[in-house]
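Overview (structure and organization)
Here are the chains, one letter per residue:
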Amino acid sequence: MRREPRPCKRHPPGRLTILVLLGLDLRAKTRFLDKTKPEPTDNNKMAVTLDGPRVAAKSTAPEQLVVFLHGYGANGNDLIAIAKQWRNLLPGAAFVAPNAPEPCAQAPGGRQWFRLTMRDPNERWTGVNKACLVLDTFLDAELNRHGLDDGKLALVGFSQGTMLALHAGLRRARAPAGILGYSGCLLYTSDAADDLTR
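Residues numbered from 1 in each chain as written. Predicted model: local features only at pLDDT ≥ 70, side-chain atom pairs only at ≥ 80, totals over all residues. Heavy atoms only, no water.

Check the secondary structure of the protein chain and you find five helices and eight strands. Element order for the protein chain, N to C, with α for helix and β for strand: β-α-β-β-α-β-β-β-α-β-α-β-α. Looking at the protein chain as a whole, 47% of its 198 residues are labelled buried. Looking at the protein chain alone, contacts between residues at least 24 apart form 77% of all its contacts between residues at least 6 apart. Carbon and sulfur atoms make up 55% of the accessible area of the protein chain, which amounts to about 10,600 Å² in all. (Helix = DSSP H or I, 4+ residues; strand = E, 2+ residues; numbered from the N terminus. Buried < 20%, exposed > 50% of the residue type's maximum accessible area, 1.4 Å probe, protein only. Contact = heavy atoms within 4.5 Å. Areas by Shrake-Rupley, 256 points an atom, 1.4 Å probe, with all protein chains shown as cover.)

Written out as structure tokens, the structure reads:
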């Protein structure tokens, strides 16, 4: 019997829109299956700041902020072109696509929010929690820069970026206006599952 999820206890129901489009990201999945390439080193430190390409709002002062979170082995440039298409539909939105803080050994020039070696069953959970701290700092700074609050924020993730968008978005002090995920999933542990279904 399938249990219907209940809203996260930290956010009142009705304000947050989450849409996850499931698909298959073969490019990202085949990269980390290549065992001939060396594993990236983990210094247990992530970059303190994030940055990436931006597209300004058509209007003078932004009324919304859309943050694109790329997938494993990509970078902000892979998603910022979407902003150029969406800009006409959302003229009041500013767009940013930060580059993930870690270099990806499986994709030279690419970045990763966290490692995906598939050897440690807790790797994704540990990684998404670590990346969430860095992303939250970035989101707070971007919202402050534009004079906006989380009610005007939309997170758009692809693959690993979807994992992070869902994880971070559902844990913000105030719910974002929406989360859109392409080809990703919600990461949780059995301990965290109760928190998300209450």
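Moving on from the model shown.
Further remarks concern helix H4 (residues 160-169). Structurally, the α-helix is built with 3.6 residues per turn, so residues lying three or four positions apart point the same way. Of all the ten residues making up H4, ten are buried; the element is thus mostly covered by neighbouring parts of the structure. Considered for burial, the residues of H4 that qualify are Gln160, Gly161, Thr162, Met163, Leu164, Ala165, Leu166, His167, Ala168 and Gly169.

In the predicted model, the protein chain carries a mean pLDDT of 80, and the fraction of residues at 70 or more is 72%. In this model residues 1-16 is a low-confidence stretch, pLDDT under 50, and it forms 33 contacts with partners more than four residues away in sequence or in other chains. When the criterion is pLDDT under 50, residues 21-44 qualifies, and its contacts beyond four places in sequence or with other chains add up to 42 contacts. (pLDDT = per-residue confidence, 0-100.)

Tallying each qualifying case throughout the model produces eight salt bridges. The closest approach of N and O atoms between Arg145 and Glu142, which form a salt bridge, is 3.6 Å. Residue Arg145 and its partner Glu142 are both found in helix H3 (residues 123-146); the two are separated by three residues, about one turn of the helix. For Arg172, the salt bridge is made with Asp150, and the minimal N-O distance between the two is 2.6 Å. Within this pair, whereas Arg172 is found in the loop between H4 and strand S8 (178-182), its partner Asp150 is found in the loop between H3 and strand S7 (153-158), the two being separated by 22 residues in sequence. When its relative accessible area of 6% is taken as the criterion, Arg172 is described as buried. Taken together, the salt bridges that share partners define one network made up of Asp51, Arg54, Glu142 and Arg145. (Salt bridge = Lys/Arg side-chain N within 4 Å of Asp/Glu carboxyl O.)

The next thing to look at is the pairing of S7. Two faces make up the sheet, and in a regular strand the side chains alternate between them. By the bridge criterion, five bridges tie strand S3 (residues 64-69) to S7 in an arrangement that is parallel. The partner of Phe68 across the bridge, within S7, is Val156. Between S7 and its parallel partner S8, the chain crosses via H4, and the hand of that crossover is right-handed. (Pairing = 2+ DSSP bridges. Right-handed = clockwise from strand over helix to strand, strands pointing away.)

Before going further, it helps to spend a moment on the nonpolar core. In terms of nonpolar packing, the biggest core is built from 31 residues, with Leu65, Val67, Trp113, Phe114, Leu135 and Leu164 touching the most fellow members. Filtering out sequence-adjacent residues up to four positions away, Leu65 remains in contact with Ala94, Val96, Glu142, Leu143, His146, Leu148, Lys152, Leu153 and Ala154. Core analysis: the next-biggest nonpolar cluster, separate from the first, contains eleven residues, Val66, Ile80, Phe95 and Leu180 among them. (Core = buried A, V, L, I, M, F, W, Y, C linked by side-chain atoms within 4.5 Å.)

Taken across its six residues, S3 has five buried, putting it largely inside the fold. Between S3 and its parallel partner strand S4 (residues 93-96), the chain crosses via helix H2 (residues 77-86), and the hand of that crossover is right-handed.

Another point: the packing of aromatic side chains. Following the criterion strictly, the structure yields two aromatic pairs and no others. Geometrically, the ring pair formed by Phe68 and Trp86 is tilted, given 5.5 Å between the ring centres and 50° between the ring planes. In this pair, Phe68 is assigned in strand S3 and Trp86 in helix H2, connecting sequence segments 18 residues apart. By relative accessible area, which is 22% here, Trp86 ends up partly exposed. With centroids separated by 6.0 Å and ring planes inclined at 15°, the aromatic side chains of Phe68 and Phe95 adopt a geometry described as stacked. Within this pair, whereas Phe68 is found in strand S3, its partner Phe95 is found in strand S4, the two being separated by 27 residues in sequence. Across the pair, Phe95 and Phe68 agree in class, each one buried. (Phe/Tyr/Trp six-rings, centres within 6.5 Å; stacked < 30°, edge-to-face > 60°.)

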